[in-house]
Amino acid sequence: MTAQTLDGKAILATIKEELRGRVAALAERGITPGLGTVLVGDDPGSTWYVNAKHKDCAEIGIASIRRDLPADSTLDDVLGVVRELNEDPACTGFLVQQPTGLDENRILATVDPAKDVDGLHPMNLGWLVLGQDAPLPCTPVGCIELLRRYDVPIAGARVVTVGRGITVGRPLGLILTRRSENATVVQCHTGTIDLAAEVRRADIVVAAAGVPGLITGNMVKPGAAVLDVGVSRVVEDGRSVIAGDVAPDVAEVAGWVSPNPGGVGPMTRAMLLTNVVEIAEKQAAAREAASPHTGGKG
Ligand SMILES: Nc1nc(=O)c2c([nH]1)NC[C@@H]1CN(c3ccc(C(=O)N[C@@H](CCC(=O)O)C(=O)O)cc3)C=[N+]21
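If you're wondering where the values come from, they're calculated on a predicted model, not measured in any experiment.

## A closer look at the packing of helix α1 (residues 8-28) against helix α2 (residues 44-60)
Working step 1: Packing of α1 against α2 leaves a shortest axis separation of 9 Å and a crossing angle of 60°. Relative to α2, the element α1 lies oblique. Packed against α1, whose contacting residues are Lys16, Leu19, Arg20 and Val23, the element α2 presents Asp56, Glu59 and Ile60 at the interface.
Working step 2: Residues belonging to the contact of α1 with α2 are distributed by class as follows: three nonpolar, no polar and four charged.

## What to know about the pairing of strand β5 (residues 158-162)
Working step 1: The element β5 is extensively covered by neighbouring structure, given that four of its five residues are classed as buried.
Working step 2: As judged from the five bridges shared by β5 and strand β6 (residues 184-188), these two strands associate in the parallel manner. Across the sheet, arginine 158 pairs through a bridge with threonine 184, a residue of β6.
Working step 3: Each parallel crossover has a hand, and the one from β5 via helix α7 (residues 169-176) to β6 is right-handed.
Working step 4: One ladder, built from four bridges, connects β5 with strand β7 (residues 204-207); its direction is parallel. Bridging across to β7, threonine 161 finds its partner in valine 206.

## With respect to the nonpolar core
When a protein is soluble and globular, its nonpolar side chains tend to lie buried together.
Working step 1: By size, the foremost hydrophobic cluster in this structure holds 79 residues, and its most contacted members are Val205, Val206, Ala207, Ile215 and Val226.
Working step 2: Looking at this core element by element, the count peaks at 10 residues for helix α9 (residues 264-290).
Working step 3: Both of domain 1 (30-111) and domain 2 (138-265) provide at least three residues apiece to this core.
Working step 4: Sequence-distant contacts of valine 226, that is, excluding residues within four places in its chain, are made with Val205, Ala207, Ile215, Val220, Val246, Val250, Ala254 and Val257.

## Some words on the site of the ligand
Working step 1: Surveying the vicinity of the ligand reveals 17 residues, the closest of which are Leu95, Gln98, Pro261, Gly262 and Gly265.
Working step 2: For the shell around the ligand, the class distribution of residues is 10 nonpolar, five polar and two charged.

## Section: the UniProt feature "binding site: NADP(+)" (unreviewed entry) in the protein chain
Working step 1: What UniProt calls "binding site: NADP(+)" (unreviewed entry) maps, in this numbering, to Gly163, Arg164, Gly165 and Val231.
Working step 2: Along the chain, the position of glycine 165 falls in the loop between β5 and α7.
Working step 3: In contact with glycine 165, other than residues within four places in its own chain, are Arg170 and Ala208.
Working step 4: As for its placement among the helices and strands, valine 231 is situated in the loop between β8 (225-228) and β9 (232-236).
Working step 5: Looking at valine 231, the number of C-beta atoms within 10 Å reads 18, which means it is partly exposed.
Working step 6: For valine 231, the residues in contact, after removing those within four places along its chain, are Gly210 and Ile242.

## Topic: the domain arrangement of the protein chain
Working step 1: Domains assigned within the protein chain are domain 1 (30-111) and domain 2 (138-265).
Working step 2: Between the C-alpha centres of domain 1 and domain 2 the distance comes to 28 Å.

## Examining the sheet that holds strand β2 (residues 34-40)
Working step 1: The strand order β3-β2-β4 describes an open sheet built from three strands, whose pairing is parallel. Each edge of the open sheet is held by one strand with a lone partner, namely β3 (63-69) and β4 (93-96). Direction aside, the axes of adjacent strands within the sheet are offset by 15° on average.
Working step 2: Relative to β4, β2 is paired through four bridges, and the arrangement is parallel. Following the sheet pairing, glycine 36 is matched in β4 by phenylalanine 94.

## Brief notes about unusual backbone geometry
Working step 1: The omega angle of the peptide bond from glutamine 98 to proline 99 is 0°, so this bond is cis rather than trans.
Working step 2: Note on placement: proline 99 falls in the loop between β4 and α4 (104-110).
Working step 3: Here the residue pair asparagine 260 and proline 261 is connected by a cis peptide bond, since its omega of 5° sits within 30 degrees of zero.
Working step 4: Secondary-structure assignment places proline 261 in the loop between β11 (256-257) and α9.
Working step 5: The residue aspartate 151 is not glycine, and still its phi comes out positive at about 55°.
Working step 6: What makes aspartate 151 exposed here is the crowd of 8 C-beta atoms within 10 Å.
Working step 7: Positive phi, close to 50°, is recorded for aspartate 237, a residue that is not glycine.
Working step 8: The topology assignment puts aspartate 237 in the loop between β9 and β10 (239-243).

## Some remarks on the packing of α2 against α9
Working step 1: Between α2 and α9, whose axes approach to 10 Å, the crossing angle comes to 55°. Taken as axis vectors, α2 and α9 run oblique relative to one another. The two elements α2 and α9 meet at a crossing, and its hand is right-handed. Contact with α2, carried on its side by Ala52, Lys53, Asp56 and Ile60, involves Arg269, Leu272 and Leu273 of α9 and no other residues of that element.
Working step 2: For the contact of α2 with α9, the per-class residue count stands at four nonpolar, no polar and three charged.

The rules behind the values
Residues numbered from 1 in each chain as written. Predicted model: local features only at pLDDT ≥ 70, side-chain atom pairs only at ≥ 80, totals over all residues. Axes fitted to C-alpha atoms, helices over the stretch in contact; angles between N-to-C directions. Helix = DSSP H or I, 4+ residues; strand = E, 2+ residues; numbered from the N terminus. Parallel < 35°, antiparallel > 145°, perpendicular 65-115°, else oblique. Contact = placed C-beta atoms within 7 Å. Nonpolar A, V, L, I, M, F, W, Y, C, P; charged D, E, K, R; others polar. Buried ≥ 20, exposed ≤ 12 C-beta atoms within 10 Å, placed from the backbone. Pairing = 2+ DSSP bridges. Right-handed = clockwise from strand over helix to strand, strands pointing away. Core = buried A, V, L, I, M, F, W, Y, C linked by C-beta atoms within 7 Å. Domains from an automatic or database assignment. Near = placed C-beta within 6 Å. UniProt positions renumbered as here; feature names shortened; annotations may be inferred. Left-handed = near helix turned anticlockwise from the far one by under 90°.

Pasting the structure below:
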């Protein structure tokens, strides 16, 4: 058996096409969504991600607001820029690229929760726990959307997540166990005693541990869906390449596999764009409700 490829790159292209129409509809109402990014330092990986986000935005009509800060910026420097973007009406949503090397929780808590396109503000994560509508983290929702687009059954599925990080594993379990997803979730982590035994029982495996090749074919139930979220950089033939958490032999056993690169990474960007548009739509509706006669271009 050879697994079907969950092509995140192709789905990103489809989602951009869908969002282009929603951005055009916002333009009709006199609103241009604007994504702000704050990047601290010049790490090549982080710079690539931020560049990619702005390129995506340009393609669908979202304006870009970039704040690139030197590597020696202090927490106060970053919080100052965050407060500035909180106030800037042209910036409808923004994120601070992680890692900054600074107190991420202070930074997250300073972002206006109504502009939190990453869905990582403690209030928005709190709304998720409480089962209320709020921006959701991009990578976990990207995983779910990728499964949906390929008709992988989620309701009733046994999902094993590997990794309890705040950007993927932790929120993913919260989202998948909502009534609207109805999956049964086992959250594994570095303290899990027999990872292979847990993974073997899964209909869906989400590997987000950051350990290259952690999930091997002999650990996977035949026909299962396996998502590779891990991003590690390893040197191969003298050049740095991305290594995922999923070993190549998984494709011989699984029913579906997400490639890495080309799987969950592009889906994260697709969900970021979706959050940007959704937040701008919410702001537009609130504005029009407050002054119904001043909406639109006139
Ligand atoms: N505040 C914040 N928000 C984030 O969303 C955030 C962050 N910090 N810090 C870092 C992680 C990582 N991340 C990725 C985005 C796109 C790809 C992506 O599109 N990767 C491509 C290409 C990768 C390559 O070739 O280098 C792929 O998988 O095909 C991957 C990873 C967002 N992150």
